[in-house]
Amino acid sequence: MKLGIVGLPNVGKSTLFNAITKAGAESANYPFCTIEPNVGVVSVPDSRLDELAKMYNPEKYTPAVIEFVDIAGLVRGASKGEGLGNKFLANIREVDAIVHVVRCFDDSNVVHVDGGADPKRDIETIELELILSDMEYMERRLDKVRKMMKGGDKKFQAELDCYEKIAAVLEQEKPARSLSFDEEESEFLKDLALLTLKPVLYVANIAESDISNPDIEYVKTVQEIAARSGEECVVISAKIEEEIAMLDPEEKAMFLEELGLSQSGLDKMIQASYKLLGLISYLTAGPQEVRAWTIKNGTKAPQAAGKIHSDFERGFIRAEVVAFDDLMACGTYTAAKEKGLVRSEGKEYVMKDGDVVLFRFNV
């Protein structure tokens, strides 16, 4: 999973990126301090893996990972090249979802490109630039399909209709994701690298002083915008996340407790990202390795096996599955099997979050 962190300059993107990846990306109090996108890979926290590691004492422990891309601050006019905008927009086309960081604090010491914090205006600025960029992109795609139609090949009509539908909603300054698509149209979307088709996770970045009472007007504004478009929103303080990132696990737990937080902002972001993209994890466990594998919700057993190796999918025979909670309650895999809790599932089995699986295959 690849998430692109976007927002206006000086809203806390690079501070957040530093916190979640401990990569030490430059964070400075002036626009465009990020020119090339910084990329960092972070492990997905999963207490189930920790429990399996205690059970199996494996040689390897491999959590699922998320790749975060810190994309430079966009400004008004980015779609026309302002502030190196075209280059930055191209970076966003490569991600699975957009993490839109919105400044929800006032600080005269931190420059804001538009004078001061205004979450609604800031979100609209970024959204409009993505829409304008998509409009230009769709014009090129439409020209290409229309030329093919001139050759008398009517098979491109459905594709043209789909593209014109998208172009029309962009003209109304609405994102492409506000549309619904049928099965045929969804096939055409696979060839489109549209920015406004990507799901969005809004991150309301608040001041450290607001962490104990984040119910402020700025945050409510972001939450309302996210709710209207069916997107996810999490509230964090990037500065506090940066402090947490420097602590060891025990210190981190104490620090969170002192702040009255049940989990870190990073954990909240990861959970929201999984929900946004419709992802779940299944687990494999044994003395060699315990590992989490990320798949789309609704994936069937053979395709899930293919995440491990294409041979597993090609030669799939069956999946031996036990629910994580059942395995923990029994204490061992053997005990779970004796109680009939290890099921033999075939090609039509739809994987569930937390399934502990052993795939049988033959090639």
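Residues numbered from 1 in each chain as written. Predicted model: local features only at pLDDT ≥ 70, side-chain atom pairs only at ≥ 80, totals over all residues. Heavy atoms only, no water.

(A) Spatial organisation of the sheet that holds strand β2 (residues 38-43). Read from one edge to the other, the open sheet built from six strands follows the order β2-β4-β1-β5-β6-β7, with strand pairing classed as mixed. Looking at which strands have only one partner, the edges of the open sheet turn out to be β2 and β7 (232-236). Put simply, the sheet's adjacent strands are angled 25 degrees from each other on average, direction ignored. Across six bridges, the pairing between β2 and strand β4 (residues 65-70) is antiparallel. Across the sheet, residue Val 39 finds its bridge partner in β4, namely Val 69. Contacts from helix α7 (residues 217-228) reach β5 (97-103), β6 (200-205) and β7, with the element oriented near 160 degrees to β7. (Pairing = 2+ DSSP bridges. Helix = DSSP H or I, 4+ residues; strand = E, 2+ residues; numbered from the N terminus. Axes fitted to C-alpha atoms, helices over the stretch in contact; angles between N-to-C directions. Contact = heavy atoms within 4.5 Å.)

(B) A look at the nonpolar core. Phe 68, Val 203 and Met 269 are the most contacted members of the largest nonpolar core, which has 69 residues in total. At seven residues, the largest contribution of residues to this core is made by helix α10 (residues 265-277). When sequence neighbours within four positions are dropped, the list of residues in contact with Val 203 reads Leu 16, Val 99, His 100, Val 101, Val 102, Val 234, Ile 236 and Met 269. Among the nonpolar cores identified, the runner-up in size contains 20 residues, and Tyr 137, Phe 156, Ile 166 and Leu 192 belong to it. (Core = buried A, V, L, I, M, F, W, Y, C linked by side-chain atoms within 4.5 Å. Buried < 20%, exposed > 50% of the residue type's maximum accessible area, 1.4 Å probe, protein only.)

(C) View of the confidence of the model for the protein chain. When pLDDT is averaged across the protein chain, the result is 86; 88% of the residues are at 70 or more. Within the model, the stretch residues 23-35 combines pLDDT values under 50 with 34 contacts to residues more than four positions away or in other chains. Contacts from residues 81-86, a stretch scored under 50 in pLDDT, to residues over four places away or in other chains number 13 contacts. (pLDDT = per-residue confidence, 0-100.)

(D) Main features of unusual backbone geometry. At Asn 10, a position not held by glycine, the phi torsion is positive, near 60 degrees. Along the chain, the position of Asn 10 falls in the loop between β1 (2-6) and α1 (13-21). Classification of Asn 10 by relative accessible area gives buried; the value is 12%. Non-glycine residue Glu 173 carries a positive phi angle of around 60 degrees. Along the polypeptide, Glu 173 turns up in the loop between α5 (157-171) and α6 (183-189).

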